[in-house]
Amino acid sequence: MNTPKPDDRSDNVERLQDMVQNTIENIEAAHETMQFASSEERAQIEAKNKRREESIAGMREEIKDEAAARENGYQ
C-alpha cells in the first residue's frame, strides 16, 4: 500500500520567490529578443510577457499567504 508523503510547506516561500525571479529573467530575455523580432513575433512576445506579469502577481499573493501560514504554524 502506498502512503502519501507528508505535506512539507517549509520551503514554499523560497521556491515561489525563485519562481518569481526566474519569470522576471524570462521577461527581460524576451524584451531583448523583441529587438530582432518581426511585428507578429513581437505581438506574441508581448502577450506572453503580459501573462508572465499576471503569473508574478499571483505568485506574490501566494508568497504572502504562505508567509502568513508559516507565521501561524501552518494551521
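Higher on the page you've got the structure.
Given the structure is predicted, the values throughout are model-derived calculations rather than measurements. (Residues numbered from 1 in each chain as written. Predicted model: local features only at pLDDT ≥ 70, side-chain atom pairs only at ≥ 80, totals over all residues. Heavy atoms only, no water.)

1. As for the overall build of the protein chain
Within the protein chain, the regular secondary structure consists of 2 helices and 0 strands. Radius of gyration (C-alpha) of the protein chain: 17 Å, far over the 11 Å computed for a compact globule of 75 residues. Every one of the 75 residues in the protein chain was classed for burial, and the buried ones make up 23%. Expressed as a percentage of contacts within the protein chain between residues at least 6 apart in sequence, the contacts between residues at least 24 apart total 72%. Accessible surface for the protein chain amounts to roughly 6,100 Å². Of this, 47% is attributable to carbon and sulfur atoms. Of the charged side chains in the protein chain, 11 are positive and 18 negative; the average position of the first set lies 2 Å away from that of the second. (Helix = DSSP H or I, 4+ residues; strand = E, 2+ residues; numbered from the N terminus. Rg over C-alpha atoms; globule rule 2.2 N^0.38 Å. Buried < 20%, exposed > 50% of the residue type's maximum accessible area, 1.4 Å probe, protein only. Contact = heavy atoms within 4.5 Å. Areas by Shrake-Rupley, 256 points an atom, 1.4 Å probe, with all protein chains shown as cover. Lys, Arg positive; Asp, Glu negative; His and termini not counted. Charge placed at Lys NZ, Arg CZ, Asp CG, Glu CD.)

2. Here we look at the nonpolar core
Counting 7 residues, the largest nonpolar core consists of Val13, Leu16, Val20, Ile27, Ile56, Met59 and Ile63. If you tally residues by element for this core, the top one is helix 1 (residues 12-34), at 4 residues. Beyond its immediate chain neighbours, meaning those up to four positions away, Ile56 contacts Val20, Thr23, Ile24 and Ile27. (Core = buried A, V, L, I, M, F, W, Y, C linked by side-chain atoms within 4.5 Å.)

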